[in-house]
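What follows is the residue order along each chain.
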Amino acid sequence: MQALSSIKPSAHLADVRYEIRGALTRRSRELEAAGLDIIKLNIGNPGRYGFETPAHLRQAIAAHLADSEAYGHEQGLEAARETIAAQQRARGATGVAVERIFVGNGVSELIDLALRALLQPGDEVLLPSPDYPLWSAATILNGGRPRYYRCLAANGHLPDPDEIEALITPRTRALVLINPNNPTGAVYPRALLERLVAIAARHRLLLLSDEIYDEILYDGAMFQPLAEVAGEVPCLSFGGLSKVYRACGYRVGWMSLSGAPACTAEYRDALQLLAALRLCANVTAQWAVEPALAGAPTIQALTAPGGRLHEARRAIVEGVAASDYLDLVAPGGALYAFPSVRADRIAAFDDNDFALRLLEEEHVLAVPGSSFNVPQSRHLRLTLLPPPTQLREVFVRMERVLARMAAEQAAQPVAAMA
Ligand SMILES: Cc1ncc(COP(=O)(O)O)c(C=O)c1O
């Protein structure tokens, strides 16, 4: 037998990262295996924190098990797509039709599919920094190049349209928005969306709007669907059951193509071809789409005052206000907060080092901001999913690590700090 050689992965993966389930999470599992209790704030997985999928969604799936044994339509069950189309029409989107709606195994699958159908090698995609890292990964894996526009805390984590326009080159194909945003919780105002649509129209870009957190809003924040503002401008809007309906294990997401149909006919056909190549999305869980979108809303009980997510957000806002070291733009939506460590309190700060110390010394797992494609981050992403009492405990522990870091720096000779 010839000597065995190692199997090399594709070179495309060299720049692809997903730290939310990366090295820190693996270390956390080791600590748990050694018998330690770890408080996990790293992942937006509602089912892991005692949130339940509404009973009427489960019942709809159970009632249709026998109808779920054959492959379904490549774009999704007709009934599910009709319901999504009705939602998009009610939101004021232009050119909505069941033929322009695609159901996938979560938004994750559709992000990849949408970019695969669009990009030629070297094409550029405008992505927010910070981003949800799958957007960067899917851009790179499909031959594209991320061009990041900043969403700085100093600007409420909102992008600057002038900066976005200055990044556009002849290779730019698409502008991605995540609204409400993961990881910052920013909710984009209509006036900002109008400026971004005008840029997309001027430069013939496809708008890609990840709206998976569309109904998770706090303190009166208003969500404005991009498709309505975009009108005739081609726009793909993404939504799903994972977050608003706490059903991420079901793996159901959708995307709706809006705008002038003539401009997107070829692109739509490409999406259909790619959807057909993977045959269809999981049929079983698609029966939950209609009861979810047409039934009584259930998320508001969690996001209104007294609701679990509202109180979790309040615990975080109050934890930051009481901290000697932290700053925060309070999240308007989604399931996360993105606090930062003040430069006037800890000058030399490395978010990866901090997250590792928080895990090793205080048994709290959170994700460093630089995992979301932000250079030199002073941020940390926390999820709003643990019980509020546990979040208050997290702030006690974070403060202890930060106090130790500040004391260590104060003890260092001035020359070492330079
Ligand atoms: C912004 C954003 N988009 C997409 C996804 C993927 O969602 P899905 O469970 O539908 O694949 C997530 C998951 O956390 C997310 O935060």
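Everything below is about the structure shown above.
Predicted, not measured: the structure shown is a model, and the values here were computed from it.

Chemist: How should I be thinking about the overall build of the chain in this particular structure?
Modeler: Within the chain one finds 16 helices and 14 strands. Expected size for 418 residues packed as a compact globule is a radius of gyration near 22 Å; at 22 Å, the chain falls within 12% of this value. Dimensions of the chain, computed from the C-alpha atoms along their principal axes, are close to 70 × 65 × 50 Å. When each of the 418 residues of the chain is scored for burial, the buried share is 56%. Intrachain contacts of the chain at a sequence separation of at least 6 include 74% that bridge at least 24 residues. When the accessible surface of the chain is totalled, it reaches about 18,000 Å², and 54% of it is carbon and sulfur.

Chemist: Would you mind going over the site of the ligand with me for this structure?
Modeler: In the region of the ligand, the neighbouring residues are Gly 106, Val 107, Ser 108, Tyr 132, Ile 178, Asn 182, Asp 210, Ile 212, Tyr 213, Ser 242, Lys 243 and Arg 251. Separating an oxygen atom of the ligand from a backbone N or O atom of Val 107 is a distance of 2.7 Å. Within the side chain of Tyr 213, an N or O atom sits 2.6 Å from an oxygen atom of the ligand. A total of 400 Å² of accessible area belongs to the ligand in isolation, and the protein chains cover 95% of it.

Chemist: I keep staring at the sheet that holds strand β13 (residues 367-368) and nothing clicks. Help me out?
Modeler: Across a sheet, strands are paired by hydrogen bonds formed along the backbone, either parallel or antiparallel in direction. The three strands lie next to each other as β10-β14-β13, forming an open sheet whose pairing is antiparallel. A strand with exactly one partner marks an edge of an open sheet, and here the two such strands are β10 (336-337) and β13. The sheet contact formed by β13 and strand β14 (residues 380-383) spans two bridges and is antiparallel. What sits directly across from Val 367, in β14, is Arg 381.

Chemist: Looking at this structure, I do not really get the packing of helix α1 (residues 23-33) against helix α14 (residues 351-362). What am I missing?
Modeler: Think of two packed helices as two axes; the pair is described by the angle between the axes and how far apart they sit. α14 packs onto α1 with a crossing angle of 10° between their chain directions and a minimal axis gap of 10 Å. Comparing their axes, α14 and α1 come out roughly parallel. Along the contact surface, α1 presents Leu 24, Arg 27, Ser 28 and Leu 31, while α14 presents Ala 355, Leu 356, Leu 359 and Glu 360. Here the contact of α1 with α14 is built from residues that sort into five nonpolar, one polar and two charged.

Chemist: Would you mind showing me how to read the packing of helix α4 (residues 106-116) against helix α9 (residues 261-277) here?
Modeler: Packing of α4 against α9 brings their axes to within 9 Å, and their N-to-C directions diverge by 130°. By the angle class used here, α4 and α9 are oblique. The crossing of α4 and α9 is right-handed. For the pair formed by α4 and α9, the contact residues are Leu 113, Ala 114 and Arg 116 on the first element and Tyr 267, Leu 271, Leu 274 and Ala 275 on the second.

Chemist: Sorry if this is basic, but what is going on with the pattern of salt bridges here?
Modeler: When their charged atoms lie close together, side chains carrying opposite charge are able to pair. According to the stated counting rule, one finds 27 salt bridges in the structure shown. Of the charged contacts in the structure, one is a salt bridge between Glu 163 and Arg 150, with a shortest N-O distance of 3.0 Å. Here Glu 163, found in helix α6 (residues 161-166), pairs with Arg 150, found in strand β4 (residues 145-150); they are 13 residues apart in sequence, far enough to count as distant. Overall, Arg 150 belongs to the partly exposed group, its relative accessible area being 46%. Residues joined by salt bridges that share partners form a network here, namely Arg 357, Glu 361, Glu 362, Arg 400, Arg 404 and Glu 408.

Chemist: Is there a simple way to explain the sheet that holds strand β8 (residues 253-258) in this structure?
Modeler: Spatially, β2-β8-β7-β6-β5-β3-β4 is the arrangement adopted by the seven strands of the open sheet, whose pairing is mixed. For this open sheet the edge positions go to β2 (101-104) and β4, each flanked by a neighbour on one side alone. In this sheet, adjacent strand axes meet at a mean angle of 20° when their direction is disregarded. Both strand β7 (residues 235-240) and β8 contribute to a ladder of six bridges, which runs antiparallel. Bridge pairing in β8 places Leu 236 opposite Leu 257. Packed on one face of the sheet, helix α5 (residues 133-141) meets β3 (124-129), β4, β5 (172-178), β6 (206-210) and β7 and runs near 150° to β4.

Chemist: Could you clarify how one ought to interpret the side chain of Arg 100 in this entry?
Modeler: Structurally, Arg 100 can be placed in the loop between α3 (78-90) and β2. Buried and without a salt bridge, Arg 100 has Glu 99 as its closest oppositely charged side chain, separated by 7.2 Å. A polar contact of 2.6 Å, which involves the side chain of Arg 100, links it to the backbone oxygen of Gly 95. At a separation of 2.6 Å, a polar atom in the side chain of Arg 100 contacts the side chain of Thr 264. Sequence-distant contacts of Arg 100, that is, excluding residues within four places in its chain, are made with Gln 75, Thr 94, Gly 95, Met 255, Ser 256, Leu 257, Ser 258, Gly 259, Ala 260, Pro 261, Thr 264 and Arg 268.

Scoring rules and cut-offs
Residues numbered from 1 in each chain as written. Predicted model: local features only at pLDDT ≥ 70, side-chain atom pairs only at ≥ 80, totals over all residues. Heavy atoms only, no water. Helix = DSSP H or I, 4+ residues; strand = E, 2+ residues; numbered from the N terminus. Rg over C-alpha atoms; globule rule 2.2 N^0.38 Å. Buried < 20%, exposed > 50% of the residue type's maximum accessible area, 1.4 Å probe, protein only. Contact = heavy atoms within 4.5 Å. Areas by Shrake-Rupley, 256 points an atom, 1.4 Å probe, with all protein chains shown as cover. Near = heavy atom within 4 Å. Polar contact = N/O pair within 3.5 Å; in protein donor to acceptor, adjacent residues only side chain to side chain. Pairing = 2+ DSSP bridges. Axes fitted to C-alpha atoms, helices over the stretch in contact; angles between N-to-C directions. Parallel < 35°, antiparallel > 145°, perpendicular 65-115°, else oblique. Nonpolar A, V, L, I, M, F, W, Y, C, P; charged D, E, K, R; others polar. Left-handed = near helix turned anticlockwise from the far one by under 90°. Salt bridge = Lys/Arg side-chain N within 4 Å of Asp/Glu carboxyl O. Lys, Arg positive; Asp, Glu negative; His and termini not counted.

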